[in-house]
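Listed below are the residues making up each chain.
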Amino acid sequence: MISKSIKNFCKKYWEIENYVEAVNDTTQTWHCHHRDEIRTLPSGMTVIRSAQDLKDAGRYYDCPANELIFLTAAEHRKIHKPILGRKKGSKLSEETKKKISEATKGKPKEYVSDVMHREWSDPDKREKRLEHMNEAADRRRIHTDITAHQLESPEAKREYMREYQRKYRQLHPNYYKNRYRRNKGE
Amino acid sequence: MPDLSLFWREIYRAKSNADFIAHSNLPNKKEHIEELDKHVQKLYEQIAILKESSD
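Okay, the overall build of chain B next. Looking only at helices and strands, chain B has 2 helices and 0 strands in total. Evaluated residue by residue, chain B yields a buried proportion of 33% over its 55 residues. A separation threshold of at least 6 residues defines the contact pool for chain B, and within that pool the share at least 24 residues apart is 70%.

Spelled out as structure tokens, the structure:
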């Protein structure tokens, strides 16, 4: 079986490779893989693009059928495994833990990305970073304010989210509007 | 009593940012932490002044 959202990725989805196998297989859901995400050049170099890169290039939705392929979940995972790295929730062995702790001894706890490290020296960019950090701090603070409500029932959870959004909207009136625009790609 | 929520918000922001910077490998982190500390102190002073004036 395949997901209904396939229509967003390709209008002529029946032309995608492995379509017949995917539709006839009732035991598992087949994933639609963008070939452009991982491409090996004739020189042997592997080019990796994220989903966001493809979206920016306008090649994520409404693709031609030859740019997509149906894969089983296991096959899809195998392709993306080198990018995704360790699976969430999987436990590290004692040896690995020791190795990591020895390698990180005497180093600061949080390593910021190279980009952030570079931008930190530029006052304008640093201010923008600090604005984002302030927003994150606000989100944390609101959460600590409200987590007194126990999130037992789904209704309580929904109420909590409503309350959270209301409080956050007070602090940043344009946040949800901007996020909506950003998601729409305007 | 005046509304001090904005001051508390600023203090929380500055403190959490300082905490993040302190645990990072960012360049000139001491200076930035000192700046933020000064900012927090100023805010506390302003709160004290406002409280006194309201009393």
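In this section: the overall build of chain A. When helices and strands are counted, chain A shows 9 helices and 4 strands. The secondary structure elements of chain A, listed N-terminal to C-terminal, are α-α-β-β-β-α-β-α-α-α-α-α-α. Looking at the 186 residues of chain A, the share that counts as buried comes to 23%. Pairs at least 24 apart in sequence give 59% of the contacts found in chain A among residues at least 6 apart.

This next bit is on the confidence of the model for chain A. Per-residue pLDDT for chain A averages 78, and the proportion of residues at 70 or more is 81%. When pLDDT is averaged over each helix and strand of chain A, the minimum, 68, is found for strand β3 (residues 46–48) of chain A and the maximum, 89, for strand β4 (residues 68–72) of chain A.

On to the interface of chain A and chain B, then. The interface of chain A with chain B comprises 19 residues on the first partner and 15 residues on the second. Taken over both partners, the interface formed by chain A and chain B buries close to 1,800 Å², and the fraction arising from carbon and sulfur atoms is 60%. There are 1 salt bridge connecting chain A and chain B. For the salt bridge of B:R13 with A:D138, the shortest nitrogen-to-oxygen distance reads 2.9 Å. Between chain A and chain B we count 3 residue pairs in polar contact (both at pLDDT 80 or more) in total. Sorting the residues of the side of chain A that touches chain B by element identifies α6 (114–119) and α7 (123–146) of chain A as the ones contributing at least two each.

Ranked by internal contacts, the top residues of the largest apolar core, which has 16 residues, are A:M116, B:I21 and B:L26. Apart from residues no more than four positions distant in its own chain, A:M116 is found in contact with A:R129, A:M133, B:F20 and B:L26. In terms of nonpolar packing, the next biggest core, distinct from the first, is built from 14 residues, A:F9, A:I16, A:A22 and A:C32 among them.

Residues and elements named next belong to chain A. With respect to the element layout, Q165 can be found in helix α8 (residues 154–171). Here Q165 falls in the partly exposed class, since its relative accessible area comes to 27%. Taking the C-alpha atoms as reference, Q165 lies 8.8 Å from Y176; in sequence the two are 11 residues apart.

According to the stated counting rule, one finds 7 salt bridges over all chains in the structure shown. Notably, a salt bridge pairs A:E67 with A:R59, separated by 3.7 Å at the nearest N-O pair. When its relative accessible area of 18% is taken as the criterion, A:E67 is described as buried. Owing to a relative accessible area of 34%, A:R59 belongs among the partly exposed residues under this scheme. Where salt bridges share partners, they join A:D138, B:R9, B:E10 and B:R13 into one cluster.

On to the pairing of strand β1 (residues 30–34) of chain A. Residue and element names in this part refer to chain A. The element β1 is extensively covered by neighbouring structure, given that 4 of its 5 residues are classed as buried. Bridge count for β1 against β4 is 5 bridges, and the pairing is antiparallel. Residue pairing across strands places H31 opposite L71, the latter belonging to β4.

The next subject is a negative patch on the surface. All names here are of chain A. A cluster of acidic residues, D122, D124, E127 and E131, forms a negative patch at the surface. Topologically, E127 is positioned in helix α7. Residue E127 is classed as exposed on the basis of its relative accessible area of 53%.

Taken as a whole and assessed by the stated rule, the structure comprises 7 aromatic pairs over all chains. Between A:Y13 and A:W14, the ring centres sit 5.3 Å apart and the planes meet at 70°, which makes this aromatic pair edge-to-face. Aromatic pair B:W8 and B:Y44: ring centres 6.3 Å apart, planes at 70°, arrangement edge-to-face. A residue pair is termed long-range when its members are at least 10 positions apart, and B:W8 in helix α1 (residues 5–22) and B:Y44 in helix α2 (residues 29–54) qualify at 36 residues. The partly exposed category is assigned to B:W8, whose relative accessible area is 36%. Owing to a relative accessible area of 35%, B:Y44 belongs among the partly exposed residues under this scheme. Through a chain of ring-to-ring contacts, three or more aromatic side chains come together here, namely A:Y13, A:W14, A:Y19 and A:F70.

About the criteria used
Residues numbered from 1 in each chain as written. Chains lettered and ligands numbered in written order. Predicted model: local features only at pLDDT ≥ 70, side-chain atom pairs only at ≥ 80, totals over all residues. Heavy atoms only, no water. Helix = DSSP H or I, 4+ residues; strand = E, 2+ residues; numbered from the N terminus. Buried < 20%, exposed > 50% of the residue type's maximum accessible area, 1.4 Å probe, protein only. Contact = heavy atoms within 4.5 Å. pLDDT = per-residue confidence, 0-100. Buried area = accessible area lost by both parts, 1.4 Å probe. Salt bridge = Lys/Arg side-chain N within 4 Å of Asp/Glu carboxyl O. Polar contact = N/O pair within 3.5 Å; in protein donor to acceptor, adjacent residues only side chain to side chain. Core = buried A, V, L, I, M, F, W, Y, C linked by side-chain atoms within 4.5 Å. Pairing = 2+ DSSP bridges. Patch = residues over 30% accessible without salt bridge, like charges linked within 9 Å, V, L, I, M, F, W, Y side chains within 5 Å. Areas by Shrake-Rupley, 256 points an atom, 1.4 Å probe, with all protein chains shown as cover. Lys, Arg positive; Asp, Glu negative; His and termini not counted. Charge placed at Lys NZ, Arg CZ, Asp CG, Glu CD. Phe/Tyr/Trp six-rings, centres within 6.5 Å; stacked < 30°, edge-to-face > 60°.

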